[in-house]
Amino acid sequence: MPKALITGITGQDGSYLAELLLGKGYQVFGAVRRASTENFERIEHLKDRLTLIQADLLDQLSLISAIEQAEPDEVYNLAAQSFVPTSWAQPVLTGEFDALGVTKILEAIRLVNRKIRFYQASSSEMFGKVQQTPQNEKTPFYPRSPYGVAKVYGHWITVNYRESFGIFACSGILFNHESPRRGKEFVSRKITDYVARIKLGLADSLPLGNMSARRDWGFAGDYVQAMWLMLQAREPEDFVVASGRAHSVEDLTRAAFERAGLDWKKYVRVDQALVRPAEVDTLLGDASRAKSVLGWEPTTTFEKMIADMVDIDIARVEREMRNR
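Here the structure is a predicted model, which means the values were calculated and not measured.

Undergrad: Any chance you could explain helix H4 (residues 91–112) here in plain terms?
TA: Note that an α-helix has 3.6 residues per turn; residues three or four places apart therefore point the same way. End to end, H4 covers 30 Å across 22 residues, agreeing with the expected 32 Å (1.5 Å per residue, within 8%). Helix geometry: H4 is bent most strongly at Leu100, by close to 40°.

Here's what the structure looks like:
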């Protein structure tokens, strides 16, 4: 039975990846941070099939201990400070997690077992002020936030350990990927959550920032499949994972409100406080290499993903209202 250790297992991607690996017969370990209040909501339905180990990307010894305890064949590093706006408010913490944290887990692998296959969650935010469109594996990075800068470090230190120590280390340059499990602070889920509340009379407006920003949005459940495929390949490589279609925040907003039978223009207000200090205008990925080498393609359309998110959020808010 293959064994995998996932950092960030309680997050959106971690929960979908855990489901995927369990379905493939893996023994799955999750590294979780010690907190005064634990949030296992996304993995509650899986908890009896997982082994959770306390570890923290800021604590080198805990990572070494987790790898020694799990003895994994594969390690997926999905833990991060992943909210771009927070990276301006907490740039040093973001660097500690998203840059140095990657080094610490790679160093743990180097010390414990160099045969472990390693996946690093890189980000399309590394492209930032894009140098070409669409973006592929050869596009230069030009990050526009402390988050993007930290992710570039994490990406290159992964390459460095691959080339220096022969570790099977890959980075997935994933473009925006969403789901009903997305955190409510992210714009996609913020919109669908507000749509549900407006539909049910619990809110009367939705504050948003830059409505013209364009992103390549896909479904998280599809994208974790690409993570797994990267670690099954013959040689370690870095891959762009994207849908190849860009939509604006306005497009997403319109689709979400239309799913609920509402006119978005009646409810949306632009709040300048939500506009980033340095904006990333357009991200559009070219995942043709992932298709040709890994055989990976997204299966869920943007339209279906947004419709499902709205439907599930409306059902959730209705339950919350009944249970009050």
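Undergrad: Sorry, what's going on with helix H6 (residues 187–199) here?
TA: If you check H6, its first and last C-alpha atoms are 18 Å apart, about what 13 residues at 1.5 Å a residue would give, namely 18 Å. Within H6, 10 of the 13 residues are buried, which leaves the element mostly enclosed by the surrounding structure. Where H6 is concerned, the buried positions are Ser188, Arg189, Lys190, Ile191, Thr192, Asp193, Val195, Ala196, Arg197 and Ile198. Tucked into the core, H6 has its buried residues touching strand E7 (177–178), strand E8 (206–208), helix H8 (249–259) and helix H10 (302–322).

Undergrad: In this structure, what is going on with unusual backbone geometry? I would like to understand it.
TA: Note: most residues except glycine have negative phi, and most peptide bonds are trans. At the junction of Thr133 and Pro134, the peptide bond is cis and its omega measures out at 0° in the coordinates. Examined against the element boundaries, Pro134 turns out to sit in the loop between strand E5 (117–123) and helix H5 (146–165). The phi dihedral of Glu71 is positive, around 50°, even though this residue is not glycine. By secondary structure assignment, the location of Glu71 is in the loop between helix H2 (60–70) and strand E4 (74–77). For Glu71, a relative accessible area of 54% corresponds to the exposed category.

Undergrad: Help me out: how do you make sense of the environment of Met305 in this one?
TA: Secondary-structure assignment places Met305 in helix H10. Each C-alpha atom, one on Met305 and one on Asp13, is 15 Å from the other, the two residues being 292 residues apart in sequence. Those residues in contact with Met305 that lie beyond four places of it in its chain are Glu178, Trp217, Gly218, Phe219 and Thr300.

Undergrad: Just checking my understanding: could you explain the nonpolar core for this structure?
TA: Proteins that are soluble and globular tend to have nonpolar side chains buried together. Ranked by internal contacts, the top residues of the largest apolar core, which has 64 residues, are Ile6, Leu17, Leu21, Val28, Tyr76, Tyr119 and Trp296. If you look at the next biggest cluster of nonpolar residues, it comprises 24 residues, including Ala55, Ala70, Ile116 and Ile157.

Undergrad: I would appreciate a short explanation of the packing of aromatic side chains in the present structure.
TA: In this description, an aromatic ring pair is defined by two values, namely the gap between the centres and the angle between the planes. Here the structure, examined in full by the defined rule, presents 9 aromatic pairs. Arranged with centres 5.0 Å apart and planes meeting at 55°, the rings of Tyr161 and Phe165 form a pair that is tilted. Separated by 4 residues within a single helix, Tyr161 and Phe165 lie in helix H5, roughly one turn from each other. The buried category is assigned to Tyr161, whose relative accessible area is 8%. Note on Phe257 and Tyr267: the rings are 5.8 Å apart at their centroids and 5° apart in plane angle, and the pair reads as stacked. Here the residue Phe257 occupies a position in helix H8, and Tyr267 occupies one in the loop between H8 and strand E13 (268–270), the gap between them amounting to 10 residues. The class for Tyr267 is partly exposed, based on a relative accessible area of 22%. Taken together, the ring pairs connect Phe127, Phe141, Trp156 and Phe175 into an aromatic cluster. A cation over a ring is seen here: Arg110 above Phe165, with NZ or CZ 5.2 Å from the ring centre.

Conventions we followed
Residues numbered from 1 in each chain as written. Predicted model: local features only at pLDDT ≥ 70, side-chain atom pairs only at ≥ 80, totals over all residues. Heavy atoms only, no water. Helix = DSSP H or I, 4+ residues; strand = E, 2+ residues; numbered from the N terminus. Expected span 1.5 Å × (residues − 1). Bend = angle between axes of the 7 residues up to and from the residue. Buried < 20%, exposed > 50% of the residue type's maximum accessible area, 1.4 Å probe, protein only. Contact = heavy atoms within 4.5 Å. Core = buried A, V, L, I, M, F, W, Y, C linked by side-chain atoms within 4.5 Å. Phe/Tyr/Trp six-rings, centres within 6.5 Å; stacked < 30°, edge-to-face > 60°. Lys NZ or Arg CZ within 6 Å of the ring centre and 35° of its normal.

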